[in-house]
Structure formats: structure tokens, C-alpha cells
Amino acid sequence: MLVLGIETSCDETGVALYHTERGLLAHALHSQVAMHAEYGGVVPELASRDHIRRVLPLTRKILKEADCALENIDAIAYTEGPGLAGALLVGASIAASLGFALKVPVIGVHHLEGHLLAPLLEPTPPAFPFVALLVSGGHSQLMKVSAIGAYETLGETLDDAAGEAFDKTAKLLGLGYPGGPALSRLAELGVPGRFKLPRPMLNSGDLNFSFSGLKTAVLTLAKQQTLDEQTVADIARAFQEAIVEVLASKSLAALQQAGLTRLVVAGGVGANRQLRERLTALCARQGFEVYYPKLEFCTDNGAMIAFAGAMRLRHTPAKDWKFNVRPRWDLAAI
Ligand code: KG4
Ligand code: ZN
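Residues numbered from 1 in each chain as written. Chains lettered and ligands numbered in written order. Predicted model: local features only at pLDDT ≥ 70, side-chain atom pairs only at ≥ 80, totals over all residues. Heavy atoms only, no water.

Participant: With reference to specific residues and values, describe the domain arrangement of the protein.
Facilitator: Taken domain by domain, the protein consists of domain 1 (2-116 + 297-333) and domain 2 (128-292). Using only C-alpha atoms to locate each centre, domain 1 and domain 2 end up separated by 27 Å. With 18 residues of domain 1 at the contact, the number on the domain 2 side is 21 residues. For the pairing of domain 1 and domain 2, the buried interface totals around 1600 Å² over both sides, and the portion due to carbon and sulfur atoms is 70%. Connecting domain 1 to domain 2 are 0 salt bridges. Linking domain 1 to domain 2 there are 4 residue pairs in polar contact (both at pLDDT 80 or more). Taken together, the elements giving at least two residues each to the side of domain 1 that touches domain 2 come down to α1 (33-37), α4 (111-117) and α10 (303-315). By residue number, the principal contributor to the side of domain 1 that touches domain 2 is α4, which donates 4 residues. A per-class count over the side of domain 1 that touches domain 2 returns 10 nonpolar, 5 polar and 3 charged. (Domains from an automatic or database assignment. Contact = heavy atoms within 4.5 Å. Buried area = accessible area lost by both parts, 1.4 Å probe. Salt bridge = Lys/Arg side-chain N within 4 Å of Asp/Glu carboxyl O. Polar contact = N/O pair within 3.5 Å; in protein donor to acceptor, adjacent residues only side chain to side chain. Helix = DSSP H or I, 4+ residues; strand = E, 2+ residues; numbered from the N terminus. Nonpolar A, V, L, I, M, F, W, Y, C, P; charged D, E, K, R; others polar.)

Here you go:
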């Protein structure tokens, strides 16, 4: 079965063709970063309009790359939520229209389920059950994943998501938008240990996170310093060390608490090098296995939506071409 995946939940248009026997055939992405940069963040209306411009040309491109015709598509998966309502509507309505024209099933996918299953696209995928650390711009959760569709929340952020904390901290350090990758690049140049920031909720005894206080601590520290280039890098380093320590420590605690041995890291912050290094080292020491998606499949992409849609279609026969968007949608509730 050949599934076209369409991702338009935020500021990236992603499309992909996933074949249930042949694997991922092609994928393409258009990032709107340059367009939103001058506003310092995502402008929802501009995002929707740009998705409209991009989805079909990108789809034509991947069909050509995979040497497939539109008529070869057996099903279409789109991101139903969570995300920006207008942006989601673009993917949903194009998916439904194409599905109607081709008379093939159309299925709405939970964006976070896409992230969660992205490591299964790798040549050596993790077996179920596993614990997933899902860290994106909008969400930070630890999930117990027993099977496709069986997700239990073990812990989550009480305020900012990890990616949001990276982005907001980057902004107050003057690193612009999108801040996460810029801050993490700068942190590589920072001197470890020059500044020490708090580790929020490290010893809270549960698996929840809180990152908004960390951002405030950075603001206080930045006000006390002369912000030369090295000092900004050192603060970035201290921020990253704090966030990585909390995420890594809670992930290990989640494995122990759930009695599981496999950890999957997903979402944009999963691209962070220091987080990967720390988790790899800690898991090796404890005899746990850790799995990551390819860097390009950590952040938003169409491949994870095509894959999650293909997995869902095995269990859920799609009936008609009605479409829906859910800007707010709890993963544990699906
Ligand atoms: O999963 P994603 O692409 O979109 C959402 O679903 O939110 O995640 C985007 C988030 C942004 O907050 C971005 O700053 C962060 O992931 N991010 C990173 C890195 N790359 C992306 N954060 C830290 N280090 C990175 N290397
Ligand atoms: Zn995402």
C-alpha cells in the first residue's frame, strides 16, 4: 500500500510517500523559517497561505522522484492536530479533495503520534513496548508506548515545552527565531561550569517537567552580566546543561518506573546533540537501549505522517472524505 503523507501543522510543509512493503520512497520539506523570521515567530495566517502554495508542487516533486503516478496512491494521511487551525485545514482539505478525486481512503493523524513513531522508520526500529521522550516546540511528554495506538502519559511539562524553553531563551539572548538550533550551536562554544542554573523539578519524585523558571533564571543571569559573545555562549551552555540533565534524568527514571529497557527520543529537541550524547551514555551504563530518528525526522516532516497513517490504516478502515482538524488534541486520548 502506497500512502501519501501531508504535514502542515505549523511552519513546515512536509510531504512523503511511504510504501508498506518498500518503505519510504520519497519525502520533501519546505521550511517557512525565512518567511517568519522578520516577525520573530510564526504568523499563523502567513503559515496557512504558504502551505497552500507548497503542498501540491512538493507532492508532484516526490511522485516524480519515486517514479509514481498520482493514481498509484492507495491512501492519504494528513496531520489532523494538534497545531495551528488554519495551517491544519490546508493539509486536511487538500488530503480530502485528493482522496475524493482518487477514490482512496483519507486518514487524519495525530502529529505527536507521527513524532513518536518516526524512529520506526529507521533500519533497526525499536520493538514494543518502549518509553518515549517526546520533546517538541509545543509538547514535552514521557509516554509508555505498548503498541501502535496504545499510549500512556507518564509525565509531562507543567508549563513551557522543552523546545519552547529553547526558543524563548534564545530570543532573550538575542539569537532570533527559530532559537533552539541557534542556541544549541552556540552552547557548543560555551565553557561548561562557568554558570550554574537550576534544574527545575529534578527531584520532584514524579515524571513531570517545568521549564518556565529556567527561562526566568537565564533572564536574571543575563541582566547581571556584560553580554559579550563568550558570555552569551556560556549562558547558552549552562541553559542546555540544565535542560539536558532534567530530560535525561527523568527519562531514565521513566524506564525504571515502567520496568522497560527501551527508550525512544522524538520531536525537534531530540535533534539536540548534547541530549543525544547524554542519553546514549546513561543508557549504555544502565544496559538500556536508546533509539533516535534521523535528524531530519526529529523535526516536523511528512514521512512520519505517512508512516503513522499507514500503521493506522491497518486497523482503522477510513470510510469517507469528511475531514476534521483538532488544534488541541491529547495524544493519550486517541
Ligand atoms: O517537533 P518540532 O519540529 O515541532 C513541533 O512539533 O513543535 O520541534 C520544534 C522545536 C523548536 O522549539 C526548536 O527550537 C526545537 O524543536 N529544536 C531544537 C533543536 N532543533 C530543533 N532544540 C534544541 N536543540 C536542537 N538542536
Ligand atoms: Zn512537531
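That shown, we press on.
Participant: I'd like to hear about the coordination of the zinc ion (ligand 2), residue by residue, with values.
Facilitator: Those protein atoms acting as donors to the zinc ion (ligand 2) are His 111 (NE2), His 115 (NE2) and Asp 300 (OD), and they sit at 2.0 to 2.1 Å. Seen from the zinc ion (ligand 2), its 4 donor atoms lie at angles of 95 to 133 degrees, and the figure they make is tetrahedral. Read from N- to C-terminus, the donor residues coordinating the zinc ion (ligand 2) fall into the pattern H-x3-H-x184-D. Of this pair, His 115 sits in helix α4 while Asp 300 sits in the loop between β10 (289-291) and α10, placing them 185 residues apart in sequence. When sorted by exposure, His 115 lands in the same class as Asp 300, which is buried. (Donors = N, O, S within 2.8 Å, 3.2 Å for Na, K, Ca; no water. Tetrahedral: all angles 85-135°; square planar, octahedral: opposite > 155°, others 65-115°. Buried < 20%, exposed > 50% of the residue type's maximum accessible area, 1.4 Å probe, protein only.)

Participant: So, the pairing of strand β5 (residues 106-110): which residues are in play, and what are the values?
Facilitator: Within β5, 5 of the 5 residues are buried, leaving the element largely enclosed by the surrounding structure. Both faces of β5 are covered, namely the face carrying Val 106, Gly 108 and His 110 and the face carrying Ile 107 and Val 109. At this point the chain moves from strand β4 (residues 75-81), through helix α3 (residues 85-102), to the parallel β5, and the crossover so formed is right-handed. (Right-handed = clockwise from strand over helix to strand, strands pointing away.)

Participant: Help me get a handle on the site of ligand 1, residues and values and all.
Facilitator: Near ligand 1 lie 19 residues; those nearest to it are His 115, Gly 137, Asp 167, Asn 272 and Asp 300. With respect to ligand 1, the side chain of His 111 contributes an N or O atom lying 3.1 Å from an oxygen atom. Note that an oxygen atom of ligand 1 is positioned 3.0 Å from one of the backbone N or O atoms of Gly 268. Expressed as a share of its isolated accessible area of 550 Å², the protein-covered part of ligand 1 is 85%. When residues of the shell around ligand 1 are traced back to their parent elements, those giving at least two are α4, α5 (162-172) and α6 (179-187). Per-class residue counts for the shell around ligand 1 are 5 nonpolar, 12 polar and 2 charged. (Near = heavy atom within 4 Å. Areas by Shrake-Rupley, 256 points an atom, 1.4 Å probe, with all protein chains shown as cover.)

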